Amino acid sequence: MTTLTGIDSRRGTTAKTRDRSVDLVRAILLIVVVGLHSIMAGVGVGAGGIVMENALDNLPGFAPVSWFVQVMPLFFVLGGFSSFTQWTRMRERGHSPADYVVTRLHRLLLPAVAVIGTVAAALLVMTIIGVPADLIATAGFRISQPLWFLGVYVLCSALVPLLVGAHERRPVLSLALLGTAALSVDMLRASTGISGLGFVNLVFVWLTVQQLGFWLAEGRCERWGVRTRVAVGVAALLALFLLSVPGPYSPDMYENLNPPTICLILLGIAQLMLFTVLRARLREVAERPRIAGLVNAVGARSMTIYLWHMPVIIALAAGLLFLNATVAVPLPDPLSAGWWLTRPFWLVAVGLAVIPVVARLGWIEGAKRAELFLSGTRMLTPRVIAAVLLGAGAVLVILVTGFALGGAIIALGMLAAALRLVAVTGARSTARSAAVPAHHQ
């Protein structure tokens, strides 16, 4: 559930009501991500054999389109909104930062175990039955790519209590410091020519964008007039244009995703301003019963959809290759006229295939969590910190190895250890709570 939070300056209290506009837009963004990844799947048979590539890499004129379909900044803004409201609610009930992080790790990491284990097993079976190694490696690489989001989100979630506190004390300064850190990484990368330094911004860029979500949650942006918000959004887009078209950055917002650059922060600011301008209308649409039901269904299984859509896409692509080899089903060359004509059918096929997978496996994401009691710990415990690092590290192993068997085994071990630490932390919290006399709870 997401909430709309407003600060009552006369009483110093926080009023919260359900805000379906955030739920609606997050569901739309998730569908956009699935659709875009589906379009990226370019499968064919060339002179050199089977081809499995990102079709959009070779699409002329994609750079301006990327300004509209690069939705990850707004995804993190709205994630920051939800994180702010969830943490502040827990804090009001007396929970600690460790309690908050444990709840987030449980929901994020448990579905990851299922998808990593299943994909690794499927790739192993493909190896045993004699599928070419290069094709298996390509499939593993493609499936692993979207998992960067999980690793970054684990780290961002772990820092929510700390950064919410910083925001509440110094909102402008905390945002400025994170943005400055992101810019510094870009400048260091450019001056040294060491492209790997840019991946440090997997932390600073997304933490900055998440921090924008805190501003949204407190209603700070909407205290500005509509004209002011439009002006801020236009200024952010102008700065983005100057930095990316004649400037040093790529005008392709997907190139600016890997590694992340400050261009995504500017895009996030523009997207945030647009959202606040349209928010009232979006809320009206989201509160219609049928739409609300669909949005709730997507929201309840959002991590399952995100983690499983790429394995489903690759499985469907493998099915097309099998049909091509056995009954000569034609595979149009990616980006050809025939290929574009088949994309609507392909998108429908992906959607129909994802739905039963999510229906079958969504229970993992919604698995009952151990009830949290007051842990009495103000800061994150070493166990919780270790669980965060193991969870994020497991994703890094998969990204580096591309679901190679050894890497998958290591990653699964790290995730199991992280979840074990989470379980131990929850059990200790429960035990401490049970030991406290009732009048102290």
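When helices and strands are counted, the protein shows 16 helices and 4 strands. Classification of the 441 residues of the protein by burial places 49% in the buried group. When contacts within the protein are restricted to residue pairs at least 6 apart in sequence, those whose partners lie at least 24 apart make up 79%. Accessible surface for the protein amounts to roughly 20800 Å². Of this, 69% is attributable to carbon and sulfur atoms.

The geometry of a pair of packed helices is captured by two quantities: the angle between their axes and the separation between those axes. Between helix 1 (residues 20-40) and helix 3 (residues 72-92), whose axes approach to 10 Å, the crossing angle comes to 145°. Seen from above, helix 1 lies across helix 3 with left-handed handedness. In this structure, helix 1 contributes Val22, Val25, Arg26, Leu29, Leu30 and Val33 to the contact, and helix 3 contributes Met72, Leu74, Phe75, Leu78, Gly79, Phe81 and Ser82. When grouped by side-chain class, the residues that make up the contact of helix 1 with helix 3 number 10 nonpolar, 2 polar and 1 charged.

Take a nonpolar patch on the surface next. On the surface, Leu124, Val125, Ile128, Ile129, Leu405 and Ile409 cluster together into a nonpolar patch covering about 600 Å² of accessible area. For the nonpolar patch, the secondary structure elements donating two or more residues are helix 4 (97-128) and helix 16 (405-435). The leading source of residues in the nonpolar patch is helix 4, at 3 residues. Relative to the elements of secondary structure, Leu405 occurs in helix 16. Classification of Leu405 by relative accessible area gives partly exposed; the value is 44%.

In this structure, Ala133 sits in helix 5 (residues 133-144). Assessed through its relative accessible area of 61%, Ala133 is described here as exposed.

Take Gln210: it is sitting in helix 9 (residues 201-217). Residue classification places Gln210 among the buried positions, given a relative accessible area of 1%. Dropping the residues within four chain positions of it, Gln210 is found in contact with Phe76, Gly80, Cys156, Ser157, Val160 and Leu163.

A few words now on the side chain of Arg142. Note that Arg142 resides in helix 5. The buried charged residue Arg142 lacks any salt bridge partner; its closest oppositely charged side chain belongs to Asp57, at an N-O distance of 5.2 Å. Once residues within four sequence positions are removed from consideration, Arg142 is found in contact with Met52, Glu53, Asn54, Met310 and Ile314.

Considering all chains together, one arrives at 7 salt bridges under this definition. Taking the shortest distance from any N to any O, the salt bridge between Glu365 and Arg107 comes out at 2.6 Å. On the criterion of sequence distance, the pair formed by Glu365 in helix 14 (residues 337-365) and Arg107 in helix 4 is long-range, its members being 258 residues apart. You can call Glu365 buried: its relative accessible area is 1%. Salt-bridge contacts for Arg220 lead to Glu218; the nearest nitrogen and oxygen are separated by 2.7 Å. Classification of Glu218 by relative accessible area gives buried; the value is 8%. If you follow the salt bridges from partner to partner, you end up with Asp19, Glu222, Arg279 and Arg283 in one network.

The predicted model of the protein has a mean per-residue pLDDT of 88, with 89% of residues at 70 or higher. In this model, residues 430-441 is a region of pLDDT below 50 whose contacts with residues beyond four sequence positions or in other chains number 8 contacts.

Membership of the largest hydrophobic core comes to 126 residues, with the highest contact counts inside it found for Phe76, Trp148, Trp206 and Leu307. The element best represented in this core is helix 4, accounting for 14 residues.

About the cut-offs
- Residues numbered from 1 in each chain as written.
- Predicted model: local features only at pLDDT ≥ 70, side-chain atom pairs only at ≥ 80, totals over all residues.
- Heavy atoms only, no water.
- Helix = DSSP H or I, 4+ residues; strand = E, 2+ residues; numbered from the N terminus.
- Buried < 20%, exposed > 50% of the residue type's maximum accessible area, 1.4 Å probe, protein only.
- Contact = heavy atoms within 4.5 Å.
- Areas by Shrake-Rupley, 256 points an atom, 1.4 Å probe, with all protein chains shown as cover.
- Axes fitted to C-alpha atoms, helices over the stretch in contact; angles between N-to-C directions.
- Left-handed = near helix turned anticlockwise from the far one by under 90°.
- Nonpolar A, V, L, I, M, F, W, Y, C, P; charged D, E, K, R; others polar.
- Patch = residues over 30% accessible without salt bridge, like charges linked within 9 Å, V, L, I, M, F, W, Y side chains within 5 Å.
- Salt bridge = Lys/Arg side-chain N within 4 Å of Asp/Glu carboxyl O.
- Lys, Arg positive; Asp, Glu negative; His and termini not counted.
- pLDDT = per-residue confidence, 0-100.
- Core = buried A, V, L, I, M, F, W, Y, C linked by side-chain atoms within 4.5 Å.

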